[in-house]
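A closer look at the structure
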Amino acid sequence: MTAPIRTTAPATSGQLATFWLDGDLYGIEVEHVQEVLRSQQLTRVPLAPTAVAGLINLRGQVVTAIELRERLGRPPRPEGTDAVIIVVRLHGEAVSLLVDSIADVVDVDAADFEAPPDTLEGQARDLIRGAYKLHGQLLLALDVQRAVSA
Amino acid sequence: MDGLDDIVEEFLVESHENLDQLDTDLVALEQEPGSRERLSSIFRTIHTIKGTSGFLAFNRLEEVTHVGENMLSRLRDGELDLTPARTSVLLQMVDTVRALLASIEAGGGEGSVEVTGVVAAITAAMDDTTAAPAPVVPAPRAATPAEKAPAKAATAKAPTAKAPAKAPTAKAPAKAAATKKTTARKAPASRATTTPVAPAARSVEETPVAVRTDELREGAHAVMPERTVEEPAAPAPAAEQADTEAASAGGDGQARRGVADSTIRVDVDLLDELMLLVGELVLTRNQIVQNVARQTDTDLIRASQRLNLIASELQEGVMKTRMQPIDHIWSKLPRVVRDLGLQLEKSIRLEMEGRETELDKTLLEAVKDPLTHLVRNSVDHGIEAPEDRKKAGKPAEGVLTLRARHESGQVVVEVADDGAGIDPAKLGAKAVQRGLLTADALSRMSPADILQLIFLPGFSTASAVTNVSGRGVGMDVVKTNIESIGGTIEVESETGRGTVCRLRIPLTLAIVPALTVECAGDRYAIPQISLQELVSLDAEKAANAVEEVGGAQVYRLRGELLPLVRLTDVLGLTSERHDGHVVIAVLRSEGRRFGLVVDRVINTEEIVVKAVGGQMKAIGLYSGATVLGDGTVALILDVQALARRALRTETTERQDSQKAALKAAAASETERQRMLLAAIGGGRRVAIPLDTVTRLEQVRADAVEKVGNREVVQYRGAILPIVRLDRHLGAYGETDREVLEVIVYADHGRSVAIVVEEILDIVDGEAAVRSDIDDLGLLGSAVLGDKVTELLDVRAAILAADPAFYSASPATTPAGVPASLLEV
């Protein structure tokens, strides 16, 4: 993996759309987010990488759904809880991410940014750019580009 | 243009195209007078027109092109320099040619178009190296602004004034006026003398041909009597491009007006967009129709039915706008065949059937190169040299046939030649030599399967690399290209008789008819282009009908063994069907058939193919996804990929299991053995180990021929020796059957056919009671299915048909029939 190359994590100010996943708060740049959907019918794709949860029908367009828990190496979502789907648009192509629940759009300041702690390991390290130290809560900045390239 | 002969029409179309090019060339030539290339190109064009016009007896056309050609050849050879004056007369010549062509097109003759003026001008421009340009150039220029300098114009008109006297046919003035109309259109309305011509010319467009000539003559005379005599070339030759274009537009407009008025040009992008929208509409329609089916409101149902109908018609209509006849790409091929034929010193006749068959423009473009490649291949490798053909008792002239037709929502395009065909044995040997497959694998392949080897990358059977083809790139590229547009290709060949390459192309890319099936609770779409038929077996039947050949499941579909692939296995899922029913979709890929076992068939519907992300493509099993009528997403199975993946592993597995079976058989004589039961007449039953059965076939009795005292049939391009089991074993079966039941056994590229009276069943050979009643050609007998059955000595039977069968591969005991296996 290419994780060690990232010595200077881009600390940017701006707006992040935030969401919850397995008890942590994550954020992605708001400009990438196209829309947020309630749970949708998923069509599974046999033999696809495990992070591919399936395909959804977004108003006639077929969009791949990535299970972010799987991507970040977290345990599967508990039974009976529905995922929320965040549709992001990257290079003109729509991809969707399955998360636990959606939270606010947060203004972040580059001054609050810190690179991921060295203790962060595994595949999550590749996907998390760093953390914004919010009041009483850490907001993990997700590298959405990497997250969807399952 | 109804009365025009095909040759003339073709000549006109071709010439018009050439002339357009000529204008560009001539103008460009002025910029770079030294360009030999352009001069040569112009020369060739004029030369072609001259040649054809002489042949078609258009004398004036010939005259003017002849003198033009003279000048061009001298220009080309550097004897003359290209001056603006000479360019002008050349352009003048082009206009005259155009006028003549227009006249021919309108009336079938050269009309009154005068050429002497141009001929004189060209001759003058050619002879006088310095002095001549002066009178020539100002003259035509003066002709256009005629009203401004009537005196000068008169000099230009002088030599042509005799025109009406010379050719006073009714059509002539029409021609003259029509050409003037062109000038009039482009000319500003303020020109007093030209404006009045316009209404007259317009009447040409609006009145029937028969009427308009007289009317026009009157009109033209009345308006400008002195101008009716003016030859059409006169207004145009002014070197300004605008006028040239006007003239060319006029030349075309005159003859193609009928077409031009009823058609418009549309940007292909716009059509693509429309197509996309229609795709969406079809999807929405599917959803609505499905939902409404559950409603009771009759008005709603009626409305939805109408929507259904209209959407279908709209879809069809939009698709039609993108359709073009295949002739668009075929029209280039006669030339290709002719040139190649000459180069290779072969005489080849190209025949085309179904040239009006239409398909989507995008697909047409995509098929062009593969098709050209196939044609070149046929000419180069397929059709033999004339002397070889004569030796083979065929006419010296080879025939290459292109066929196109619509067949169940697809376009089938065939490239067929009557050449030497492809020899499977040679082909197989080559494949082994190239290391593309093992000799062992080859020995198990049927001739038809072997033929498909030509699609392997890096395969070329040309014994010599020729200029034309045989560089080892070819059929695999053709195949990739065809598959990339959702089509398929297969090849059939009969040694000595010829080869047929058959392309199956979808009518359009965006919307395809598909079969939706269910597997493990999910739905999948299978494009109908690959689908041949559906077989549904209930539990009871399935238990008997689905058999195993060396560990691989097969179904006997009308006598032929159909390998079965379970979709659940391929996808790594577990079937949700537990009632034992088996639903088989019989699919065809690359000339091979296989049965895809699915849980159930839902229905057929038109699906709109949606692209899927790169990750999905990388899996290599899905060609896309679609949204079904109820809004769920379904994956579209890539049948080719599926076949490749499933059949290859099946084969290796089968080979592995066969090896294992051999070992096991050697170790234990109680090994279960599946046997094919056949009746041979006289109430006798014979068991044949299923391993030794390659295929079950039916052969017409009258197809049996004699070689020496042996019987043979022609089968898949090879000669298949026959042994009649009844005679071989001394039974007396019916001899006057029309159709023979045949068991084909193939090994190491050789095949024999064993004729039996009837195929009865397939049974397990286990627990059979054996006796040692030994007879000629038998290994013994056993009780199979409650009846005493003789065990065939397959080896002896095969040797009876083909004594050389095993000697061809002396290295091994025949893989399929080790003696130990037969001891049940």
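Everything numeric in this text was worked out from a predicted model, so none of it was measured. Going along each chain's sequence as written, the residues are numbered from 1 onward. Note on labels: chains are lettered from A, ligands numbered from 1, in written order. It should be noted that, the model being predicted, local features are given only for residues of pLDDT at least 70 and side-chain atom pairs only at 80 or more, the latter also being counted only at that level, while totals for whole chains, interfaces and linings use all residues.

Here we come to the overall build of chain B. Assigned secondary structure in chain B consists of 30 helices and 30 strands. Exposed residues have 12 or fewer other C-beta atoms within 10 Å of their own C-beta, buried residues have 20 or more, and residues in between are partly exposed; the C-beta atoms are placed from the backbone. Looking at chain B as a whole, 41% of its 824 residues qualify as buried. Helix numbering and strand numbering both begin at the N terminus, where a helix is a DSSP run of H or I of at least 4 residues and a strand a DSSP run of E of at least 2.

Moving on, we come to the sheet that holds strand β14 (residues 582–589) of chain B. Residue and element names in this part refer to chain B. Pairing between two strands requires that DSSP report at least two bridges joining them. Reading across from one edge, β10-β14-β15-β13-β12-β11 is the order of the 6 strands in this open sheet, with mixed pairing throughout. The sheet is open, and its two borders are formed by β10 (531–537) and β11 (546–549), each paired with just one other strand. On average, adjacent strands in this sheet sit at an angle of 40° to one another, irrespective of strand direction. Direction of pairing for strand β12 (residues 552–557) relative to strand β13 (residues 560–566): antiparallel, over a ladder of 4 bridges. By the bridge assignment, arginine 556 is partnered in β13 with leucine 561. Under this scheme, a helix contributes an axis fitted over its contacting stretch, all axes are lines through C-alpha atoms, and angles between N-to-C directions fall in the 0 to 180 degree range.

Now for the environment of B:Glu30. All names here are of chain B. When you line up the elements, glutamate 30 lands in helix α1 (residues 6–31). According to the C-beta neighbour criterion, glutamate 30 is partly exposed, with 16 such atoms within 10 Å. Residues glutamate 30 and arginine 86, 56 residues apart in the sequence, show an inter-C-alpha distance of 9.9 Å. We call two residues in contact if the C-beta atoms placed from their backbones are at most 7 Å apart. If sequence neighbours within four positions are ignored, glutamate 30 has contacts with Pro84 and Thr87.

Moving on to the sheet that holds strand β8 (residues 101–108) of chain A. All names here are of chain A. Strand order in the open sheet made by the 6 strands is β8-β1-β2-β11-β10-β9, with mixed pairing throughout. Each of the sheet's edge strands pairs with one partner strand only, and the pair in question is β8 and β9 (113–114). Pairing of strand β2 (residues 24–29) with strand β11 (residues 137–142), which is carried by 3 bridges, proceeds in the parallel orientation. Along β11, the bridge assignment pairs leucine 25 with leucine 139.

So, on to the pairing of strand β22 (residues 704–707) of chain B. Residues and elements named next belong to chain B. Summarising the sheet, β22 and strand β23 (residues 710–715) pair through 4 bridges and their orientation is antiparallel. What sits directly across from valine 707, in β23, is arginine 710. Linking two consecutive strands that pair antiparallel, namely β22 and β23, is a turn of 2 residues; a positive phi of about 60° is found at glycine 708 within it.

Let us now look at the environment of B:Arg349. Residue and element names in this part refer to chain B. Its place among the elements puts arginine 349 in strand β2 (residues 348–353). The class for arginine 349 is partly exposed, based on 15 C-beta atoms found within 10 Å. For the pair arginine 349 and valine 399, spaced 50 residues apart in sequence, the C-alpha separation works out to 4.8 Å.

All right, on to the interface of chain A and chain B then. Interfaces are often described in size by the accessible area the parts lose on coming together. Counting from both sides, the interface comprises 18 residues of chain A and, opposite them, 20 residues of chain B. Mapped by element, the contributors of at least two residues to the side of chain A that touches chain B are β4 (52–58) and β5 (61–67) of chain A. Counting residues per element, the side of chain A that touches chain B draws most heavily on β4(A), at 4 residues. Each residue is assigned to one of three groups, with Ala, Val, Leu, Ile, Met, Phe, Trp, Tyr, Cys and Pro labelled nonpolar, Asp, Glu, Lys and Arg labelled charged, and all others, Gly among them, labelled polar. Each residue belonging to the side of chain A that touches chain B can be placed in one class, and the counts come to 11 nonpolar, 6 polar and 1 charged.

All right, on to the packing of helix α2 (residues 36–55) of chain B against helix α3 (residues 59–76) of chain B then. Residues and elements named next belong to chain B. Between α2 and α3, the shortest axis-to-axis distance is 9 Å and the interhelical angle comes to 155°. Comparing the axis directions of α2 and α3 gives the class roughly antiparallel. In the packing of α2 onto α3, the handedness of the crossing is left-handed. Residues Arg36, Leu39, Ser40, Ile42, Phe43, Ile46, His47, Ile49, Lys50, Ser53 and Gly54 of α2 form the contact with α3, whose own contacting residues are Leu61, Glu62, Thr65, His66, Gly68, Glu69, Leu72, Ser73, Leu75 and Arg76. A per-class count over the contact of α2 with α3 returns 8 nonpolar, 8 polar and 5 charged. Working definition: roughly parallel below 35 degrees, roughly antiparallel above 145 degrees, roughly perpendicular at 65 to 115 degrees, and oblique for all remaining angles. Put simply, a crossing is left-handed when the front helix is turned counterclockwise from the back one by less than a right angle, and right-handed when it is turned clockwise.

Residue and element names in this part refer to chain B. Two elements in contact, helix α14 (residues 268–292) and helix α15 (residues 298–321), have axes separated by 9 Å at closest approach and are oriented at 155°. Regarding the angle of α14 to α15, the classification is roughly antiparallel. Crossing of α14 against α15: the hand is left-handed. Packed against α14, whose contacting residues are Leu271, Leu274, Met275, Val278, Leu281, Val282, Arg285, Ile288, Val289 and Val292, the element α15 presents Leu300, Ile301, Ser304, Leu307, Asn308, Ala311, Leu314, Gln315, Val318 and Thr321 at the interface. Of the residues assigned to the contact of α14 with α15, the class counts are 15 nonpolar, 4 polar and 1 charged.

Quick look at the confidence of the model for chain A now. The quantity called pLDDT is the predictor's confidence in a given residue, expressed from 0 to 100. Summary statistics for chain A give a mean pLDDT of 85 and a share of 92% for residues scoring 70 or more. Segment residues 1–9 of chain A is flagged for pLDDT under 50; beyond a separation of four residues in sequence, or across chains, it makes 6 contacts in the model.

Right, let's get into helix α29 (residues 794–801) of chain B. An α-helical turn contains 3.6 residues, so a residue and the one three or four places further along point in the same direction. Among all positions of α29(B), only B:Val794, B:Ala797, B:Ile798, B:Ala800 and B:Ala801 are buried. Viewed end-on, α29(B) has its buried residues packed into an arc of 155°, placing them on one side of the element. Here the arc refers to the directions that run from the helix axis out to each C-beta atom.

The next thing to look at is helix α23 (residues 475–484) of chain B. Residue and element names in this part refer to chain B. Met475, Val478, Lys479 and Ile482 are the residues of α23 that are buried. Projection of α23 onto a plane perpendicular to its axis shows the buried side chains occupying an angular sector of 95°, all on one side. Where the residues of α23 are buried, they touch α18 (361–382), β6 (488–494) and β7 (498–506). Remark: glycine 486 follows α23 within two positions and exhibits a positive phi of approximately 80°.

Bringing the environment of B:Ile7 into the picture now. Its location among the elements puts B:Ile7 in helix α1. Judged by local crowding, B:Ile7 falls into the exposed class, with 11 C-beta atoms found within 10 Å.

Residue and element names in this part refer to chain B. Mean pLDDT over chain B stands at 71; residues scoring 70 or higher make up 70%. Between the elements of chain B, mean pLDDT differs from a low of 36, seen in helix α30 (residues 819–822), to a high of 92, seen in strand β9 (residues 522–527). Between residues 130–260, whose pLDDT stays under 50, and residues either more than four places distant or in other chains, the model counts 199 contacts. Counting contacts from residues 649–655, a segment whose pLDDT is below 50, to residues more than four positions away or on other chains yields 8 contacts. Interface predicted TM-score (ipTM) for the complex: 0.86; the corresponding pTM is 0.47.

A:Ile66 and B:Leu637 are the most contacted members of the largest nonpolar core, which has 93 residues in total. Segmentation into domains, and thus their bounds, comes from an automatic or database assignment. No fewer than three residues from each of domain 2 (268–321) and domain 4 (512–647) of chain B sit in this core. Setting aside its immediate chain neighbours within four residues, B:Leu637 contacts B:Tyr524, B:Ala525, B:Ile526, B:Leu621, B:Tyr622 and B:Leu642. We define a nonpolar core as a collection of buried residues of the types Ala, Val, Leu, Ile, Met, Phe, Trp, Tyr and Cys that are connected via C-beta atoms lying within 7 Å of each other. With 42 residues, the next largest nonpolar core counts B:Ile326, B:Ala366, B:Leu442 and B:Phe455 among its residues.

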